Amino acid sequence: MYNPATMAALTATRKRELRRALEAIVGAPGVLSDPDELLVYESDGLTLFRALADFVVFPTSAEQVSAVVGLANRERMPFVARGAGTGLSGGCLPAEGGLVLSLMRMNRVLEVDYENHFAVVEPGLVNLHLSWTVGPRGFYYAPDPSSQQACTLGGNIANNSGGPHTLKYGVTTNHVLGLEVVMPDGEIVWLGGRTREASGYDLTGVFVGSEGTFGIATKIVVRILKKPQAVRTVLAVFDQIDQASAAVSAIIARGLVPAAVEMIDQLTIQAVEDAFGCGYPRDAAAALLVELDGLAVGMEAQAARIVEACRDAGAREVRAARDEAERQLLWKGRKSAFGAYGRVSPAYMVMDGVIPRTKLPYVLRRVNEIVAAHGLRVGNVFHAGDGNLHPNILYDPRTPGEEARVVAAGAEIMKLCAEVGGSISGEHGIGLEKSDFMPFIFSAADLALMQRLKNAFNPTGLCNPGKVFPTKKSCVEVGPVAHRPHAIEEKGLAQRF
Amino acid sequence: MAHTIEERAPAPAPAGPLSLHGLSVEGVNQCVHCGLCLASCPTFAELGTEMDSPRGRIFLIKSLAEGRVALTEGTARHLSLCLDCRACETVCPAGVPYGRLIEAAKAAIERERPGGPGRRAFRWLNFGLLLGHPRLLALAAASLRLYQASGLQSLVRASGLVRLLPGTLPAWEALLPAMPAAAGRVPLPPLHPAEGARRARVALLAGCVQSVVFGAHNRATARVLAKNGYEVVVPASQGCCGALNAHGGDHARALEMARRTIAAFEGARAEAVVVNTSGCGAHMKAYGHLLGGDPAWAARARRFAASVRDVAELLAQAPLRGPLAPVPMTVTYHDPCHVVHGQKIRDEPRRLLAQIPELTVVDLAESDWCCGSAGLYNLTEPEMAGRLLRRKVGHVLATGAEAVVTANPGCILQIQQGLAAHGAPVRVLHIVEILDRAYHA
Amino acid sequence: MPDGLLDTLRATVGPANVLTGVDLSPYVVEGRTPDAAVFPGSTEEVAAVVTLAAGAETPLVPWGGGTAASVGVPAARAGIVLDLARLNRLLEHEPGDLTATVEAGLTMAALQAALRGRGQWLSLDPADGERATVGGVLAANASGPRRHLYGTARDLLIGVTVVTAEGVVVKGGGKVVKNVAGYDLPKLFIGAWGTLGVIVEATLKLRPVPDAERLVCVGFDRLKDAGAAVRAVMGSDLIPNAVELLDAAAAAALGVTAPGAALLVGFDGLAEQVEWQCAELGRLAGALGGREPRALPPETWPRLAAGAAGPGAVAVMTFSVLPAQAAELMEQGADAARARGLQTAWAAHAGVGVVRATLASEAGRLEPGPVAAALAEWRELARAGGGQATLERAPLAVKALVPVWDDPGAGGRIMQRVKRELDPKNILNPGRFVAGI
């Protein structure tokens, strides 16, 4: 348990020295060490986990990041980069103490090349702000996680973030051309670049989605896309969840790849209607939000196929958004859904399983059964087209025993996804939350290979320790790196409870 | 220190509802920590530190109420730096009542960390004396007018004496509006008859600072309302609505001013209370909550609150009555926080402007971001206010507009000063002024 | 090769599945004959063979269709060819999931034929699909003209099974289209030229076969104008699936007559969409000096992937540059070669900036000096604009003068560390790849 008194007694002198060293790199206003201030950095978007850093620092350049990382190496202090802290797996938590590098002061758009369709940005740039920047010239950045109004590109790189429109356009990794990276030893290196191909291994490809364990991206080259000529958004309303699930496969079976196919269930509809009154019918068992984009020519014909597929699956109502305002409102409801659960529950835990989309009806039924068996409620709002589920288990952390039931139900859902040939994370990352579920889908040999890859980037393990790999007590990594006393413990600065 | 990752230890079951300074902060439990508010917060955008973000502040308020942290200088600092612009409320899917939470926190700060004698004097002067006593405010205004007219102001500004003024006074000084001459400060007539078919009888909040500094806005408001069929009464007994006190943490006086205001307007027998200042409108719409715990006043407060309308909100209920003369200008619109976030009025002013012939309205980037005025914020936090003002002025200049239209005197003063400091010949107008011009061109 | 290894290999995969001696002629690369070629019949047999080779520290050369066998730094040591031709099954195809899992030795053509029968396809169209295998295409990161819209292997591979350099079977990714669990191992093996592991299975994202598809050609008098037309297409609302820019020589090799240059653009989708786009292309290109667009027969597609090499080709260099620089590189590169008396043909996937140059010498006679000088100058041209060059094919005498791969800079050290971690005994295609890997 967090205890400022203990910390002050243990670390006062050493902390002062380290603070001075950090201030020498980023300046005094760029270092936080007051426990009351560190407190707000103890969680990301998933409040189930919390961990306190010794310092939060705010570098403004790759050189400063490199110098801070160099210091951390010399002092054997673990470090982790943080963007907006909207992640949902505890991935940016300082699991073993040490330094948090907040990249929020590195948020510039450095270059936009409209002729070659790319932009060079800093990692603290908010995802949506990139689309705002290039929007007036008719471009946008395609990956659109639901937190895009707040989350940063750097965080998107770490998690290989997705979003509703990844069905057609792919996830973050499909849009990253190159990265300037501060390696875990402090060296500044370019991976990839501005062109499509680079010599050697696809280090950019393996860096994206490495959850901050391979280094810290300080410049990001991403593709920007031309805005489509036309967009059509269709809302299909169903009286049974099974009908909505079936409609997803029916759409795909008709040879269509919509830009997005999202499902939203009744509990969630009611929460978002309370929040913003977006126009989803409150009495529907489920609704599908299907978006087509592309050429204006042929749009009608394609929309007709969608409508027909939904009707055949039993939709009671299918209609297209009348105008851009209505379309935006429908999307606002979809993208605000997680937060809207705050209206019906003081806390929720979102799962992020992926399943083959043909298994959707079966898995949704099982999810609802599992959660009900634990005496809990679940809201489902997810990327149905990709089979990327987001069951949100609602709970009250103040009710004794409820959290344990949430965790147990979550584990069962993860197992279910693995059993039907799916995955335990589609876009939120493994982080701290799902590390112990990794053996559901990966063998010891698979994990050992991943550990070797990690060793090539991060041999000391100081860069974001305790993530991705299964642990016993959140601090032991599998593979060649055995448990050793934490750097700060070794120095007598802290003790493990 | 223990570097453990805990599954969130069940927070100690609170003895009762969470509160600060006797004010409920139960709303903190609605926050699910999603972080969607972060990028909408001007102070977070400027500083990048999460203690200065809505989510961080909610977490601090929660921790204060739970006793996890003490109200240290540092914690008070982060909470005081909040603009109370409520941009976070607009984007919050969970419906966290942020405005109420921060007001409770500011009230706690005022009680527990009242600051030194200078700060107390500042507060007494503003909250206790001037805002509560319109006549004293008028007197102060007359002195200001003298200060400006005598040339002393230019002398003081030129001499660098300004920099010697203590604390927030330089900011105050720079902000001084050009005081209207005496003729411009005469009180409004108590009744404006409706023109044409009578729609309704409405009562106008003349405001405290507003009536003194921007009497012209009130007169324009009355004229435009009259043109649109509204009979406008101006209750003589009204005073300050108490918004600045509430935002500044002066909860006790805020309650008293609310009661006085309700009483003053109940006598007017109007169907609506019309407001042309954003903070007052948002605050008066919340009287029901403010006085909810007072059995003698709760019902009256709810009734009153339900009758409050921003002037644009009221006018936009129907198409403007013609004829409207052309106003051949290019303008941009800045959303005052307590209009757009506090009262969720976003389209109405734009719809009104769109009806004026030959008026071109161009979009303003971050139009719904605080300009830094924020009640008395530009006086209490001049540094952050200045940063936000520069940001706002940059966006205004990028539009190339001849004038910024907005709907709140605080914003007008602040943006005017920012543009003037930039030497930019861009005017700042209240929306009623431009409507009035269309009627009286 | 150590004594006895051959016998053990025969015992492992069966005597008929180990070739030696004159039977090895298809596996002779750049004059070097391997010690043996082994045909494992299952993932387990692949693992067993790799384990044996690792134990003997004998180099292994994973082999698919052999279409890119000569790409890379010439091998210093002969080794054992690991031919995956027997691993050629389509393991799973669930149309509703738009995914398929295949064995690495399945040819692209066989896979596409099976998928098309059920209305789907793998949107990857590298050259020589009759011979090229899925595993080989992944290892070489091969692609074709439709990469313009559909991307490359990294956009389509969602799961991979590899046998590591120590003979362990390892899976990365999965069978679902969206997956961030664990590190993105599929990316690691794409384009790694078999230096990190032997790909034995792959799970791929599929697409529905479009209603209609058409490839049209617009002729231009000057390459510069065709380049301007590429930029105009890129800036328009058109959604082509291929944007190919060919100089006159490359166009001629393809059998397309074009005065100075040819712009080939592909469209797919609903018939009405293809129609509209062809018309719109004509309008855009016409304004820039383009002739009337004319449709090309579907057989042109696979030949585009091969980069339209002419007769007498002695060297091929590929480039990745900014798309807007492709036409300029083609012009300057051709000039640089012409100044040395060398004939060239240039073709580009212009929308993505991937350019392929073929260098021919008169009457097939080769002077390594001028050829090397031209290639070096080309590489400089590409690098100056932030691009990259690979000497894909060249005689040994030229490879001795011009590096096959660009220097990957500081990233090269990370690549070396990755190689050391994954192949500590350096037995998988040793020395073939960048940075000495």
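Being a predicted model, the structure only gives us computed values, none of them experimental.

1. Quick look at the overall build of chain B
And then number 1: Of the regular secondary structure elements, chain B holds 23 helices and twelve strands.
And then number 2: Within the span of chain B, comprising 441 residues, buried residues form 59% of the whole.
And then number 3: Across chain B, the fraction of contacts at a sequence separation of at least 24, relative to all contacts at a separation of at least 6, is 77%.
And then number 4: Approximately 17000 Å² of chain B is accessible, and the part contributed by carbon and sulfur atoms is 58%.

2. Description of the packing of helix 19 (residues 347-354) of chain B against helix 23 (residues 431-440) of chain B
Residues and elements named next belong to chain B.
And then number 1: Here helix 19 crosses helix 23 at 20 degrees, and the two axes come no closer than 11 Å. Regarding the angle of helix 19 to helix 23, the classification is roughly parallel. For the pair helix 19 and helix 23, the crossing hand works out as left-handed. In contact with Pro 349, Leu 352 and Leu 353 of helix 19, helix 23 contributes Ile 431, Ile 434 and Leu 435.
And then number 2: Split by residue class, the contact of helix 19 with helix 23 holds six nonpolar, no polar and no charged.

3. Regarding the interface of chain B and chain A
And then number 1: Each partner contributes residues to the interface: chain B has 45 residues there, and chain A has 65 residues.
And then number 2: Connecting chain B to chain A are two salt bridges.
And then number 3: The salt bridge partner of Arg 82 of chain A is Glu 50 of chain B, with a shortest N-O separation of 2.8 Å.
And then number 4: At the junction of chain B with chain A, the criterion picks out 13 residue pairs in polar contact (both at pLDDT 80 or more).
And then number 5: Sort the elements by how many residues they give to the side of chain B that touches chain A and helix 2 (residues 54-66) of chain B lands first, with five residues.
And then number 6: Looking at side-chain class alone, the side of chain B that touches chain A contains 23 nonpolar, 15 polar and seven charged residues.

4. Some thoughts on the confidence of the model for chain B
Residues and elements named next belong to chain B.
And then number 1: Per-chain confidence: chain B averages 85 in pLDDT, with 78% of residues scoring 70 or above.
And then number 2: The element-level mean pLDDT for chain B is lowest in strand 1 (residues 6-7), coming to 45, with strand 11 (residues 403-406) highest at 98.
And then number 3: Here residues 161-170 is modelled with pLDDT under 50, and outside its nearest four sequence neighbours on either side it reaches eleven contacts, counting other chains as well.

5. Focus: the nonpolar core
And then number 1: In this structure, Met 263 and Leu 288 of chain A together with Phe 189 and Val 418 of chain C are the most contacted members of the largest nonpolar core, which totals 162 residues.
And then number 2: Per-element accounting of this core gives the leading share, seven residues, to helix 14 (residues 402-419) of chain A.
And then number 3: Ignoring any residue separated from it by four or fewer positions in sequence, one finds Phe 189 of chain C in contact with Leu 449 of chain A together with Leu 138, Ala 139, Val 160, Val 162, Leu 196, Gly 197, Ile 199 and Leu 422 of chain C.
And then number 4: With 52 residues, the next largest nonpolar core counts Ala 229, Phe 319, Val 371 and Leu 375 of chain C among its residues.

6. Considerations on the pairing of strand 10 (residues 198-205) of chain C
Residues and elements named next belong to chain C.
And then number 1: Buried residues dominate strand 10, accounting for eight of its eight residues.
And then number 2: Sheet analysis places strand 6 (residues 99-103) next to strand 10, joined by five bridges and oriented antiparallel. Residue Val 102 lies in a different strand from strand 10, and its bridge partner there is Ala 202.

7. Section: the side chain of Thr 152 of chain C
And then number 1: Within the secondary structure layout, Thr 152 of chain C lies in the loop between helix 5 (147-150) and helix 6 (153-156).
And then number 2: According to the relative accessible area criterion, Thr 152 of chain C is buried, its value standing at 6%.
And then number 3: The residues touching Thr 152 of chain C, leaving out its near neighbours within four places in the chain, are Glu 197 of chain A together with Leu 124, Asn 141, Ser 143 and Arg 147 of chain C.

8. Overview of the interface of chain C and chain A
And then number 1: Counting residues at the interface gives 77 residues for chain C and 84 residues for chain A.
And then number 2: Summing both partners gives a buried area of about 6400 Å² for chain C against chain A, and 59% of it is carried by carbon and sulfur.
And then number 3: Summed over the shared surface of chain C and chain A, the number is eight salt bridges.
And then number 4: Its salt-bridge partner being Lys 178 of chain C, residue Asp 386 of chain A comes within 3.5 Å of it at the nearest N-O pair.
And then number 5: Summed over the shared surface of chain C and chain A, the result is 27 residue pairs in polar contact (both at pLDDT 80 or more).
And then number 6: Of all the secondary-structure elements, those providing two or more residues to the side of chain C that touches chain A are helix 6, strand 9 (169-173), helix 7 (185-189), strand 11 (207-208), helix 8 (223-234), helix 10 (271-286), strand 19 (388-393) and helix 15 (411-422) of chain C.
And then number 7: Considering each element in turn, the side of chain C that touches chain A owes the most residues, nine residues, to helix 15 of chain C.
And then number 8: When the residues that make up the side of chain C that touches chain A are grouped by side-chain class, the tally is 37 nonpolar, 19 polar and 21 charged.

9. Details of the domain arrangement of chain B
All names here are of chain B.
And then number 1: Domain annotation for chain B reports domain 1 (19-112), domain 2 (117-179), domain 3 (184-315) and domain 4 (329-440).
And then number 2: Placing the centre of domain 1 and that of domain 3 at their C-alpha centroids yields a distance of 29 Å.
And then number 3: With eight residues of domain 1 in contact, the opposing surface of domain 3 contributes seven residues.
And then number 4: On the domain 1 side of the contact with domain 3, Leu 23, Arg 100 and Glu 103 bury the most area, a combined 52% of that side's loss.

10. So, the pattern of salt bridges
And then number 1: Taken as a whole, this structure holds 75 salt bridges over all chains when the rule is applied.
And then number 2: Beyond isolated ion pairs, a larger network of salt bridges with shared partners links Glu 46, Glu 366, Glu 383, Arg 387 and Arg 391 of chain B.

11. Some words on the side chain of Asn 174 of chain A
And then number 1: Within the secondary structure, Asn 174 of chain A is located in the loop between helix 6 (166-169) and strand 9 (176-182).
And then number 2: Residue class for Asn 174 of chain A comes out buried when judged on its relative accessible area of 12%.
And then number 3: For Asn 174 of chain A, the side chain forms a polar contact with the main-chain nitrogen of Val 171 of chain A, separated by 2.8 Å.
And then number 4: Look past the residues within four positions of Asn 174 of chain A in its chain and what remains in contact with it is Tyr 169 and Arg 223 of chain A together with Arg 154 and Asp 155 of chain C.

12. Details of the domain arrangement of chain C
Residues and elements named next belong to chain C.
And then number 1: Here chain C is described as being made up of domain 1 (5-83), domain 2 (90-208), domain 3 (212-305) and domain 4 (313-399).
And then number 2: Contacts between domain 2 and domain 3 engage ten residues on the former and twelve residues on the latter.
And then number 3: Of the roughly 850 Å² buried between domain 2 and domain 3, counting both surfaces, carbon and sulfur atoms make up 61%.
And then number 4: The largest contributions to the domain 2 side of the interface with domain 3 come from Pro 145, Arg 146 and His 148, which together make up 65% of the buried area.
And then number 5: At the junction of domain 2 with domain 3, the criterion picks out one salt bridge.
And then number 6: At the junction of domain 2 and domain 3, the tally comes to two residue pairs in polar contact (both at pLDDT 80 or more).
And then number 7: Each residue belonging to the side of domain 2 that touches domain 3 can be placed in one class, and the counts come to five nonpolar, two polar and three charged.

The rules behind the values
- Residues numbered from 1 in each chain as written.
- Chains lettered and ligands numbered in written order.
- Predicted model: local features only at pLDDT ≥ 70, side-chain atom pairs only at ≥ 80, totals over all residues.
- Heavy atoms only, no water.
- Helix = DSSP H or I, 4+ residues; strand = E, 2+ residues; numbered from the N terminus.
- Buried < 20%, exposed > 50% of the residue type's maximum accessible area, 1.4 Å probe, protein only.
- Contact = heavy atoms within 4.5 Å.
- Areas by Shrake-Rupley, 256 points an atom, 1.4 Å probe, with all protein chains shown as cover.
- Axes fitted to C-alpha atoms, helices over the stretch in contact; angles between N-to-C directions.
- Parallel < 35°, antiparallel > 145°, perpendicular 65-115°, else oblique.
- Left-handed = near helix turned anticlockwise from the far one by under 90°.
- Nonpolar A, V, L, I, M, F, W, Y, C, P; charged D, E, K, R; others polar.
- Salt bridge = Lys/Arg side-chain N within 4 Å of Asp/Glu carboxyl O.
- Polar contact = N/O pair within 3.5 Å; in protein donor to acceptor, adjacent residues only side chain to side chain.
- pLDDT = per-residue confidence, 0-100.
- Core = buried A, V, L, I, M, F, W, Y, C linked by side-chain atoms within 4.5 Å.
- Pairing = 2+ DSSP bridges.
- Buried area = accessible area lost by both parts, 1.4 Å probe.
- Domains from an automatic or database assignment.

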